[in-house]
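Listed below, chain by chain, are the residues.
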Amino acid sequence: MNFIRGTVMAIVLLLQPIVLLFKLLFGRRAQDAPQQLQAINHSAIVPATVVADSEDGIKNSNNISQQSDATGSASSPSAPPAGSNSGDDDSISLPLPFAEYEVFLSFRGPDTRHQFTDILYRFLVRLKIRTFRDDDELRTGEGIWPNLVKAIGQSKIHVPVMSETYAHSKWCLMELSEMAKRRKQEKGHIILPIFYMTNPRDVRHQTGPYQSAFQQHDKDFDSGTVQEWRAALNEIGALKGWHVKSKDEQGAVSECVSDVVWSHLSKNDNFSDTDELVGIDDSVEAVVEKLSLDVGGAAMVGLHGLGGIGKTTIARAVYNKISARFDRRSFLENIRETQQQKDGGISLQKKLISNSMRIDYVAPINSVEEGRRIIQDRVSQFKVLIILDDVDESFKFEEILGNSGNFACGSRFIITSRNMKLLSTFNESRCKLYEVREMGPQLSLQLFCKYAFKTDSPPQDFTTLSEKIVTTAAGLPLTLKVVGSLLFREEKSIWEDKLSMLEKAPQKEVKERLKISYDALEYETKQIFLDVACFFIGMEMKIASYYWRDCKFHPVNSINILLQRSMLKIGDDNEFQMHDQMRDMGRAIVCEENIEEPWMRSRVWDDKEGTELLLNKKGSKQVKAVRADYHRSFLGGMKPGQFQNLPELRYFEAEFAEFSGDFNNLVPNLKWLRLHFHYNDGQEPTNFDMSNLVILDLKLLILTCAYYILQMAKKLKVLDLSHCTSLIKLPDFPKSGSLEMLNLSAEIRSFASFTSMELDIGNLWNLKVLNLKECALKRVTGGTIGMLKCLEELDLTNLQCNNWKQRVVDIGELPSLKVLKTIGVKHIPSYFESNTDDDEEEDDDDEVESEGEGIEKLPPSLKVLHTSFRVANLSELLELEELVVENCDFGLEIPPVGDDTNANSTAHMWWKVSKLKSLTLHKTKFIVVAGTAPSFDQLRLPSSLTTLNISNCPYLEWIPTLENLNNLTELTITKCSKVLEVRGIQGLTSLQSLVIDDRDDLIHLCGLADLMRLKTFEIKESAPLSREALLLNDDSDDVFTPKIILYHIDELQGN
């Protein structure tokens, strides 16, 4: 035994160096592996690439001193010189903002603060140039100089205003010396000196007033420091700049300087989505120039070029660059695809109206003509920016939007299309054309390398291969991305094989080159890709995953692969998105299965072809999925004979179809059935095999066949009965307990048919999602919501149910609940209860609950909460990210700030430890926790907040201090007439949007001048604004300079 133990120990010792070597070789590689290679949670697949981009793209907003030294100097910043006097009159008094700056202004406060520097600053901020002013941007005390170095390093352009006493300030000289270092050590730093009321010769040679300053510096500082300052003055004093000789020249010089600054910055705009924006700066500039933004009237620019060449990317970059100049804006994507759908034109109009009016437009639009009238009446009055992406011959501009000449002066339209001839038809609207051309070799290589190597250039041993592969892509960005993603971390032999395949593909056939990536997929991943391309674009990923799992596929892995290879995207609502070139390629692959006979293909997504297939009783065992629209044919509904040749049908979708007859188990493999706008003649279908059905979608059902189907569907996972208008009784759910998603939302359902309905949840123990929005139920039976231990999402918005409160009493026991919506929950109005049987009534003592009462304890797992009731344990909901409180008479309790040393009090630390990102209050007020009497400074909202929306709160009298909300980007306070002051505005260093309206007198907002990142300041329907309302602070005589867009201001007095 000892011999064996010794042998084992010897082997272990021998293996240790090998293990260490393995870690050294592969540990970094594993660490650097893209996040998209990580496993994806099967319940909600989120593309790690998207998550990584969103995290990396957000600048650190905690403090400039915490940001990466990549933005700082190449060498360590020097400390303030020995002998410096902290009591210097140039000491800096306010906190350093958390923004990233474009321009750094260095000046001597007593000389120019209220003169030239102030005028120049106003010019710069009107151009929305982020400008740092040193004398009122930093706090006094230790750590000032490192922060100044960071600010200088961030700024692309440095503007020293060298006045008569500039050299008397050690801070000014330190800043100037740091600027000179940056100019030598780093490319891209530009110095534009201003010589204000002083001779440039005196600056260069330290004569005149500069001589006396240095006589004192020679006494106070070491010779090395003084010599460094002299060298900086000599160098920068010799640069080309502006000489302001009199106060009359201040305005003209400031305008000239700001124009030059704007020109420099415009040539080097940095877009956030760098992976998509390689080498498009020139195209963006060209399109902006064609838009003629400084000219009145409405203008239109059309971008045309091959599919996948980057038209949408350029349009979005232009949109991001100029959108802040417009009152309203809207980006309408995939118009060609949308218009092919039922009521596609109306869908486009609704999106445009919603974007432009900043609301979710839910009112019905019955026709394109009606939508056009709404757009002309309500949208065209604004100066709008509208992007119309991917239009074809089916899109009629005036039919959808109306006459472009009717839009407000300054409106702009950008249209992208593959068809130049189509765009030329808009010439009556003076449409200017811009051709998007292929990328050049160098830019193509850079984009390819971003996806193939995650760098801007290839490793030396892959250079030749990379250049050859890039040549085959013909400068098309989509091809470069897809092929680069395909080859990421592959062996060189794989690269050589793919290069051979690419070289054989026809030069002009984009689909052939994209198909190489498809061919490299495994069988089941190919099937999932084709399903999405043909049917599931816009579909929620979670629902489709049920379908694929029942097909014995592994959707988590397959979707992850498609994301990694840039063949698929996931939207903000977890819906599938796909580039139109990838979609067209997928559909072309299916068409090639049989060019002449659609019924011999695996998927028939065109509803016309699908309807013909069924009505002509064609089909084959190859057909797996069919979409049909019986409204096209007027030849009857779904009859058994139509399915006799479809034994392998797995997915079936139809609209306007009757459903009856003996199906004789013709579709035993059907897994997903979608029937919308469905009718029957009173005869229910028989022998319709539902034993393998996993998803049943019966939106807008007008028949009773749901009862029959559900009796047969033993494996059902997803049931959607939303908007079913004729159901008078809910069907019995599968006793197997298989159901995981149930949607009974009924936004247009009449109360009369639902007040006698009961929902039995006794068999729903595996339910994960329950949607009862707008439902009217007599009661919920079979137990309480708290017994549904798997529940993750519960929507009770505007539910009317007699015993709802008794059924949610134990909701706090749900371990996995993430989303809860209870706004507007109440009992059924008494006038709808006349037909109920008295002997069946229960909970007779129930009264309609006031808006202040509700659920006593909420589960701590919540991430999203929308409610009209008291949030009793808010301080315990530390995972909460989104909170909406609406029509709550009780109010929202704010836990007071306590002693940080009290580790046992979570409530007192709530504002620090909470993850809350978004808070919305509507007709609700803030209140203090009962039994406490905190001071105003002890009432704080979570520092994690990024959005705060307080609207229509007539009884709200105070708002907690905002000074700690340094992550807040959007602040809206509307129709809160009793709120007289908002404290802590100066702390909102990340704020980009501030909206206030409907006030008789404007809230006193101290600290507006400190909001360096503010882009929009909107005041609607307000009374004339007083000078006092916009004061910088209580003691200042200066009025806030609007560096932002002011919407709907009737009059601004005192400026």
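The structure displayed is predicted, hence computed values, not measured ones. (Residues numbered from 1 in each chain as written. Predicted model: local features only at pLDDT ≥ 70, side-chain atom pairs only at ≥ 80, totals over all residues. Heavy atoms only, no water.)

Caption draft 1: How the structure looks around a negative patch on the surface. Among the surface-exposed residues, Asp-281, Asp-282, Glu-285 and Glu-289 lie close enough to one another that they form a single negatively charged patch. The topology assignment puts Asp-282 in helix H11 (residues 281–291). Assessed through its relative accessible area of 65%, Asp-282 is described here as exposed. (Patch = residues over 30% accessible without salt bridge, like charges linked within 9 Å, V, L, I, M, F, W, Y side chains within 5 Å. Areas by Shrake-Rupley, 256 points an atom, 1.4 Å probe, with all protein chains shown as cover. Salt bridge = Lys/Arg side-chain N within 4 Å of Asp/Glu carboxyl O. Lys, Arg positive; Asp, Glu negative; His and termini not counted. Charge placed at Lys NZ, Arg CZ, Asp CG, Glu CD. Helix = DSSP H or I, 4+ residues; strand = E, 2+ residues; numbered from the N terminus. Buried < 20%, exposed > 50% of the residue type's maximum accessible area, 1.4 Å probe, protein only.)

Caption draft 2: Inspection of the pattern of salt bridges at higher detail. What the rule picks out here adds up to 39 salt bridges. Salt-bridge contacts for Lys-863 lead to Glu-879; the nearest nitrogen and oxygen are separated by 4.0 Å. Linking Lys-863 in the loop between strand E29 (819–821) and strand E30 (864–867) with Glu-879 in the loop between E30 and strand E31 (882–886), this pair joins segments that are 16 residues apart in sequence. Linked through salt bridges whose partners overlap, the residues forming this network are Arg-336, Glu-337, Asp-390, Arg-418, Asp-580, Arg-583, Asp-584 and Arg-587.

Caption draft 3: Local environment of the environment of Val-864. Within the secondary structure, Val-864 sits in strand E30. Since its relative accessible area comes to 17%, Val-864 is described here as buried. When near neighbours in sequence (up to four residues on either side) are disregarded, Val-864 contacts Lys-818, Val-819, Leu-820, Leu-880 and Glu-882. (Contact = heavy atoms within 4.5 Å.)

Caption draft 4: Up close: the confidence of the model for the chain. Mean pLDDT for the chain: 77, with 74% of residues reaching 70 or above. Within the chain, helix H2 (residues 48–56) has the poorest average pLDDT of any element, 27, and strand E14 (residues 603–604) the best, 96. When the criterion is pLDDT under 50, residues 12–99 qualifies, and its contacts beyond four places in sequence or with other chains add up to 146 contacts. Predicted confidence is poor over residues 268–275, with pLDDT under 50, and the contacts of this stretch with residues over four places away or in other chains come to 13 contacts. (pLDDT = per-residue confidence, 0-100.)

Caption draft 5: The sheet that holds strand E11 (residues 431–435), seen in detail. Reading across the sheet, the five strands line up as E8-E9-E10-E7-E11 and stay open at both edges, with parallel pairing between neighbours. Across the chains shown, the open sheet's two edge strands, defined by having one partner strand only, are strand E8 (328–332) and E11. When the angles between neighbouring strand axes are averaged without regard to direction, this sheet yields 15°. Across six bridges, strand E7 (residues 299–304) lies against strand E10 (residues 412–417) in parallel orientation. Along E10, the bridge assignment pairs Leu-303 with Thr-416. Packed onto the sheet, helix H12 (residues 311–322) meets E7, E8, strand E9 (384–388) and E10 and runs at close to 170° relative to E8. Those strands touched by helix H14 (residues 344–357) are E8 and E9, and its axis lies near 150° from that of E8. (Pairing = 2+ DSSP bridges. Axes fitted to C-alpha atoms, helices over the stretch in contact; angles between N-to-C directions.)

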